[in-house]
Amino acid sequence: YGTDEMRRRVADVPESGDWIVEPHDGLLRVTFFSPVGGAPMAFFWADMRGQSVVASQVLAPGDGARLTPRQTRMAQAREVARAQGKAPCTDARFNAVAAPPDSDTAPVSVYLLTPMTKTGVYPLGGHYRVDVGADGRITGGRDFTKACFNLDMAGAPPGGIAGVTHLLDPYPTEIHVFLSLWMGKPLYVMTGPETVWIVDQGKIRRSKGR
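Described below are features of the structure shown in this document. Because the structure is a prediction, the values reported are computed rather than measured. (Residues numbered from 1 in each chain as written. Predicted model: local features only at pLDDT ≥ 70, side-chain atom pairs only at ≥ 80, totals over all residues. Heavy atoms only, no water.)

## Side note on the pairing of strand β12 (residues 187-192)
Looking at chain direction, strand β11 (residues 162-165) and β12 are connected through four bridges and run parallel. In the strand pairing of β12, Val164 is matched with Val189. A crossover links β11 with its parallel partner β12, the connecting element being helix α3 (residues 174-183), and its sense is right-handed. With antiparallel pairing between neighbouring strands as the criterion, β12 and strand β13 (residues 195-200) make up a hairpin whose turn holds two residues. (Pairing = 2+ DSSP bridges. Helix = DSSP H or I, 4+ residues; strand = E, 2+ residues; numbered from the N terminus. Right-handed = clockwise from strand over helix to strand, strands pointing away.)

As structure tokens, this is what we get:
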């Protein structure tokens, strides 16, 4: 939705444009930028509440368009993460989401997320986290699955249940939270023969009786 707003308001969208997301006054600010003379410069931002654009602005040179040091770190970390040779589970390019670091020296966690290419078919595999230190080196990360597989909800009834087995961890991960929010419905995650979790509206709880 932020991208749609940007394309509606920016007459000449740079081919090399990219974006980062940060909390801003209780909202999420999506800042779009492109390299200018070797330095990343912002050309548009949109403040989001859920899927709604609350405010937006086209930035011209001199409008404070240079990225802040934290934003620059996030932009650079995205490129480092993308260069790690991870493969998405569709033929589309990763959506790379950089989480703001906790401090000037803390690593930036970048999530490489396999995008949807068919309506209603959600990639459950092909999602990764890459942690990039302040010096630009990889400090950690993980693969959230070992294989590519999809959850096809295209023909499911409105009240249909979405479920997945996850044996890499004793509890659901942040990717299961992301998937539940993406689908707009609860996701049941089985982490063992007698252990089922319900991920719903950004929260995780253990299923009663399991």
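## Focus on the pairing of strand β9 (residues 138-143)
Along a regular strand, successive side chains alternate from one face of the sheet to the other. Direction of pairing for strand β8 (residues 127-132) relative to β9: antiparallel, over a ladder of five bridges. What sits directly across from Asp131, in β9, is Gly140. Once β8 ends, the chain turns through five residues before running back antiparallel as β9, passing Gly136 with a positive phi of about 85 degrees.

## Remarks on the nonpolar core
Core analysis: the biggest nonpolar cluster contains 21 residues, and Val108, Val110 and Leu112 have the highest contact counts within it. Counting only elements with at least two residues in this core, the list comes to β3 (39-49), α2 (69-82), β5 (95-99), β6 (108-113) and β8. Among the elements that take part in this core, α2 stands out by supplying four residues, more than any other. Leaving out residues up to four positions away in the same chain, Leu112 has contacts with Ala81, Arg82, Lys86, Phe94, Asn95, Ala96, Gly126, His127, Tyr128 and Val130. One finds Tyr111, Phe144, Met153 and Met183 within the second-largest nonpolar core, a separate group that totals 16 residues. (Core = buried A, V, L, I, M, F, W, Y, C linked by side-chain atoms within 4.5 Å. Buried < 20%, exposed > 50% of the residue type's maximum accessible area, 1.4 Å probe, protein only. Contact = heavy atoms within 4.5 Å.)

## Re the sheet that holds strand β2 (residues 27-36)
Spatial ordering of the open sheet is given by β1-β2-β3-β4, a layout of four strands whose pairing is antiparallel. Edge positions in the sheet fall to β1 (18-24) and β4 (52-58), since each of these pairs with one other strand and no more. Taken pair by pair, the neighbouring strands of this sheet meet at an average axis angle of 25 degrees, ignoring direction. Pairing of β3 with β4 involves six bridges; the strand directions are antiparallel. (Axes fitted to C-alpha atoms, helices over the stretch in contact; angles between N-to-C directions.)

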